[in-house]
Every structure is written in structure tokens, then in C-alpha cells.
Amino acid sequence: MANSNVQFIVIFAIFAVTGALIQGNKIVALGQECDGDFQGLITQCTKFVQRQGSQTDPSPECCNVIKTLDVPCVCQHVTDDIQAVIDMAKVAHVAQYCGIPLEHGTRCGSFTIP
């Protein structure tokens, strides 16, 4: 139950800070639409990208969700406030592990993919 509350708080903070809205399976942020299963992202992947804890490989369920996302689009909307709770190096690891690597030099928030 506590893990569920942490996930909700993290995702609520992300959307509140960016002014993002979920409409169907899209996130609308700052006038930009990014495709993906954002509800699945919340339930399946939050624990793999939170700042707290060590880096671990994501679950198959998380990878299935990651494969629905337009990750570069989402990266364009990462703010400092999001980076306060989400570790962007972990995000890059999850994307890579799930077969959706970000190109070297791609910026995701203030993090640049090595």
C-alpha cells in the first residue's frame, strides 16, 4: 500500500509540475502530445526510475509499457522538479534495457545520454 502511495505522489508531482494532462493514452504537456501508455508507466515503471534506491533492471511489464512511449518526446518535457524525484540515468537505463535506447547526446531533461 505504501509503494502505491509513493507511486501516486511521484506521478502526481510530475504532472502537476509540468502542467501535463492525460487524455486517453497521450500526455499533453505545454501544447505537445506524446504517445504512450502513461497509466501503465505509473503502475509498472515508477519503482525503477525513482531517485531513491539502487539501479535495477526493469520488469518485463515495465518494458512492455516503455515500448508504447515516444520516449524522446517525453524527454523534451522533463523539468528540474521532475528530476528531483526521477533519476534520469535510471530512465536511460530502463529505456536501453527495454530495447528503446536513446541516441548518444540526446537530452532528457538536463541529463545528456553518454
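Look up a bit, the structure's there.
Residues numbered from 1 in each chain as written. Predicted model: local features only at pLDDT ≥ 70, side-chain atom pairs only at ≥ 80, totals over all residues. Heavy atoms only, no water.

Colleague: Just give me the short version of the side chain of Gln83, but keep the residues and values in it.
Modeller: Structurally, Gln83 is set in helix H5 (residues 80-83). Since its relative accessible area comes to 9%, Gln83 is described here as buried. A polar contact is formed between the side chain of Gln83 and the backbone nitrogen of Ser110, at a distance of 3.0 Å. (Helix = DSSP H or I, 4+ residues; strand = E, 2+ residues; numbered from the N terminus. Buried < 20%, exposed > 50% of the residue type's maximum accessible area, 1.4 Å probe, protein only. Polar contact = N/O pair within 3.5 Å; in protein donor to acceptor, adjacent residues only side chain to side chain.)

Colleague: Provide a residue-level description of the environment of Asp81, including the pertinent values.
Modeller: As for its placement among the helices and strands, Asp81 is situated in helix H5. Of the residues examined, Asp81 reaches a relative accessible area of 48% and is grouped as partly exposed. Spatially, the C-alpha atom of Asp81 lies 10.0 Å from that of Gly109, the residues being 28 residues apart in sequence.

Colleague: Account for helix H6 (residues 88-97), naming residues and giving values.
Modeller: By the burial criterion, the buried members of H6 are Met88, Lys90, Val91, Ala92, Val94 and Ala95. Those residues of H6 hidden inside the fold are in contact with helix H2 (38-49), helix H3 (60-66), H5, strand S4 (107-108) and strand S5 (111-112). Between the side-chain oxygen of the N-cap and the backbone nitrogen of Ala89 there are 2.9 Å, and the N-cap of H6 in question is Asp87. Just past H6, the residue Gly99 takes up positive phi, approximately 85°. (Contact = heavy atoms within 4.5 Å.)

Colleague: For the state of the cysteines, give the residues involved together with the corresponding values.
Modeller: Tallied over the full model, the rule gives three disulfides. Paired by a disulfide, Cys45 and Cys62 hold their sulfur atoms 2.1 Å apart. Residues Cys45 and Cys62 are joined through a disulfide that is right-handed, its torsion about the S-S bond being 120°. Remark: Cys62 occurs in helix H3 and Cys45 occurs in helix H2; sequence separation between them is 17 residues. Judged on exposure class, the residue Cys45 and its partner Cys62 are both buried. (Disulfide = S-S within 2.5 Å.)

Geometric descriptors of this kind do not, in isolation, establish any biological role.
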